[in-house]
Amino acid sequence: MAIQSSLKNMVLSLGVICLVSSGLLAGVYALTKAPIEAAAEAKTNNAIRQVLPEFDGAPELKTIEADGRTISYYAASKGGEVIGYAVTASASGFSGPVSLMVGITADGIVYNTSVLSQSETPGLGAKCTEPAFADQFKNLNPAATKLAVKKDGGDIDAITASTITSRAYVAAVNNALAIYETIVSGGVPDISAGTEAPAEDPAAQTAEENK
Amino acid sequence: MGKFKLITKGLVKENPTFVLLLGMCPTLATTTSAMNGMGMGLATMFVLVLSNMVISATAPYIPDKVRIPSYIVIIAAFVTILQFIMQAYTPAMYETLGLFIPLIVVNCIVLGRAEAFANKNSVIDSACDGIGIGLGFTMSLTILGLVREILGSGSAFGFKFIEGDGIIAFVLAPGAFLALAYLIVIFRKITKIE
C-alpha cells in the first residue's frame, strides 16, 4: 500500500516526480528540436515553391519596415536576378483568419496562391483550397483584373454560398499586392484598402449558407 | 484475469466510447474523418499505456493525499513528449488534431484508468489494460470517423468514391452526435450490453 501522507513524504515524492518529468521533457525537447524546425521550414518552402516559378537555391527571408510594422517576405532569385517575391497575407474569413502565401513575380503578376491555414466551414468555405476557386488567382494580372468578387463588381467568381470566405481570400491577395508595392517602391503600403472584407452582417452569410 | 482477457475487455465489455461513454469531447470533435479518429485514438493509447505503466510502478511510493497531482504530472509529461514527437514527425496530423493533443492530459479515460486500475495492479497488467482500453478507444473513434467521412464527404480514409459533397452536416457537430448515438445503439445491440 502507499506510504504515509506525511508532509515530508508528500513534498519529497511530488518533487522527485516533477524533477524526473522535467528532465525527461528537456531530453525529448533537445532530441526533437531540429526535426521540428526542419518540418516547419519544409512547410514554408513547399508553399513558396508552389506559388513562384522555378528558382535557384533557397528563398531568402527579408524584412521591410513600413507603417511602424515589420513585414517579412521571401525573395526568390534565378541566375542572380530576383524573379519574384512570396508574401504571407491574411484576412478575416467566416470563422477565423484565412492565411495565404502569395507569389508575385518581378513584373507584378500574381503567379499563384496557396492556403497556409484556414478554419472555414467544411464543404462550404473550406472549398477555397480547391483549384475550382484558387486557380482564378493563377497568372493573374492585377492591372487587368478587378480584384473583388462578382457580387462587389469585381472579376472573381465567389464560392457558392461562401461569399465571406471568397472576399477574405481576395482581400488577402490584395494585402499581398500592397506589401509587394511596398517592397518594390520601398514606400508605405496601403494595407488598409483590403484588410477587411466589406462590412456585412455575418448573419447574412449564415442565412445564405442555409439556402 | 488473463492478459488476453485484459486486452479484449477494453475492446468490448468496457469499451470507453460505446459503453463507458468516457472522453466524449475528443470523440465528438476530432472524428471528422477516419484518419483523424485513428490518429486521436493512437495518440491517446500512447499516453495511456505509458502513464499506466509508470503509475503502476510508482504507486507504492506516492502518498495518498498527493496521488492525483502526481498522476497529472506524469500524464502531462507523456502528453508533452507526444506533442514534440508529433510536431517533428507527423506535422500534418499534429495540425489537424491541434488543441486536442494537449487536452489528452485531462482526458478522463487516462486519469480514470490510473485511478481505477493502474495504482492497484502490476506493471504488466496495467500495460495490457492500457493497450486494451487504448485499442477500444482507437477502434471506436476510427469507426465513428469512418461513418462521418462516408456520409459527410463521400470518401473513406481519404479515398474519394463519390464525386462532389456528401451530407455536410455529418462533418459538422450535429452529425457527430447523431452518428455517435446510432453507433452506441448498434454496438450495444450486437454485444447485448444493457
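For the structure, see preceding data.
Within each chain, residues carry numbers counting from 1 in the order of the written sequence. Note on labels: chains are lettered from A, ligands numbered from 1, in written order. Residue-level local features of this predicted model are given only where pLDDT is at least 70; pairs of side-chain atoms are given and counted only at 80 or more, and the full residue set underlies all totals for whole chains, interfaces and linings.

Help me understand helix α1 (residues 7-51) of chain A in this model?
In an α-helix, one turn spans 3.6 residues, which is why side chains three or four residues apart end up on the same side. Comment: elements are numbered from the N terminus, with helices defined as DSSP H or I runs of at least four residues and strands as E runs of at least two. For a helix, the expected span equals 1.5 Å multiplied by the number of residues minus one. Between its terminal C-alpha atoms α1 of chain A stretches 62 Å, which fits the 66 Å expected from 45 residues at 1.5 Å a residue. Residues with at least 20 neighbouring C-beta atoms inside 10 Å of their own are called buried, those with 12 or fewer are called exposed, and the rest are partly exposed, where every C-beta is derived from the backbone. Among the residues making up α1 of chain A, those that are buried are M10, S13, I17, S21, A47, I48 and V51 of chain A. Packing partners of the buried residues in α1 of chain A comprise β2 (69-78), β3 (81-92), β4 (97-105) and β5 (110-117) of chain A together with α4 (67-89) of chain B. C-beta atoms are placed from the backbone for every residue, and two residues are taken to be in contact when these atoms lie within 7 Å.

Explain the interface of chain B and chain A here, please?
Reports of interface size often rely on the accessible area that becomes lost once the parts have come together. With 26 residues of chain B at the contact, the number on the chain A side is 22 residues. Considering only residue class, the side of chain B that touches chain A consists of 19 nonpolar, four polar and three charged. In this classification, the charged set is Asp, Glu, Lys and Arg, the nonpolar set is Ala, Val, Leu, Ile, Met, Phe, Trp, Tyr, Cys and Pro, and all remaining amino acids, among them Gly, are polar.

Mind showing me how you'd approach the nonpolar core here?
Considering soluble globular proteins, one finds that nonpolar side chains tend to be buried as a cluster. All names here are of chain B. Think of a nonpolar core as buried Ala, Val, Leu, Ile, Met, Phe, Trp, Tyr and Cys residues, each tied to the set through C-beta atoms within 7 Å. By size, the foremost hydrophobic cluster in this structure holds 47 residues, and its most contacted members are V47, I74, F78 and L82. Mapped by element, the contributors of at least two residues to this core are α3 (34-58), α4, α5 (91-97), α6 (108-116), α7 (123-153) and α8 (173-191). Discounting residues that sit within four places of it in the chain, F78 has contacts with V47, L50 and S51.

What exactly am I supposed to notice about unusual backbone geometry here?
If a residue is not glycine, its phi is most likely negative; likewise, a peptide bond is most likely trans. In this model, A161 of chain A sits at a positive phi of 65°, which is unusual for a non-glycine residue. The topology assignment puts A161 of chain A in the loop between α2 (131-134) and α3 (163-185). With 16 C-beta atoms counted inside 10 Å, the residue A161 of chain A sits in the partly exposed group. The phi dihedral of L21 of chain B falls on the positive side, at around 55°, and the residue is not glycine. Mapped onto the secondary structure, L21 of chain B falls in the loop between α1 (3-11) and α2 (24-30). You can call L21 of chain B exposed: it has 12 C-beta atoms within 10 Å.

Honestly, the environment of M53 of chain B in this entry has me stumped. Any pointers?
Residue and element names in this part refer to chain B. Along the chain, the position of M53 falls in helix α3. Judged by the 19 C-beta atoms lying within 10 Å of it, M53 falls in the partly exposed class. In contact with M53, other than residues within four places in its own chain, are V123, S126 and A127.

Looking at this model, I keep getting lost on the packing of α1 of chain A against α4 of chain B. Mind explaining?
How two helices pack is summed up by the angle between their axes together with the distance between the axes. Lines fitted to C-alpha atoms define the axes here, with helix axes fitted over just the stretch in contact, and angles between the N-to-C directions of these axes take values from 0 to 180 degrees. With their axes 8 Å apart at the nearest point, α1 of chain A and α4 of chain B run at an angle of 10° to one another. Taken as axis vectors, α1 of chain A and α4 of chain B run roughly parallel relative to one another. Counted by class, the contact of α1 of chain A with α4 of chain B contains 19 nonpolar, six polar and no charged residues. For this classification, under 35 degrees means roughly parallel, over 145 means roughly antiparallel, 65 to 115 means roughly perpendicular, and everything else is oblique.

In this structure, what is going on with the pairing of β4 of chain A? I would like to understand it.
In summary, the side chains of a regular strand alternate between the two faces of the sheet. Residues and elements named next belong to chain A. Any two strands between which DSSP finds at least two bridges are classified as paired. Note: β3 against β4, nine bridges, orientation antiparallel. Bridging across to β4, V87 finds its partner in V102. Counted between consecutive antiparallel strands, the loop separating β3 from β4 contains four residues, among which G96 sits at a positive phi close to 135°. Pairing analysis gives six bridges linking β4 to β5, with the strands arranged antiparallel. The residue of β5 that forms the bridge with L100 is V115. In textbook terms, the turn of a hairpin is the stretch between consecutive antiparallel strands, and for β4 and β5 this stretch comprises four residues, one of which, G108, has a positive phi near 85°.

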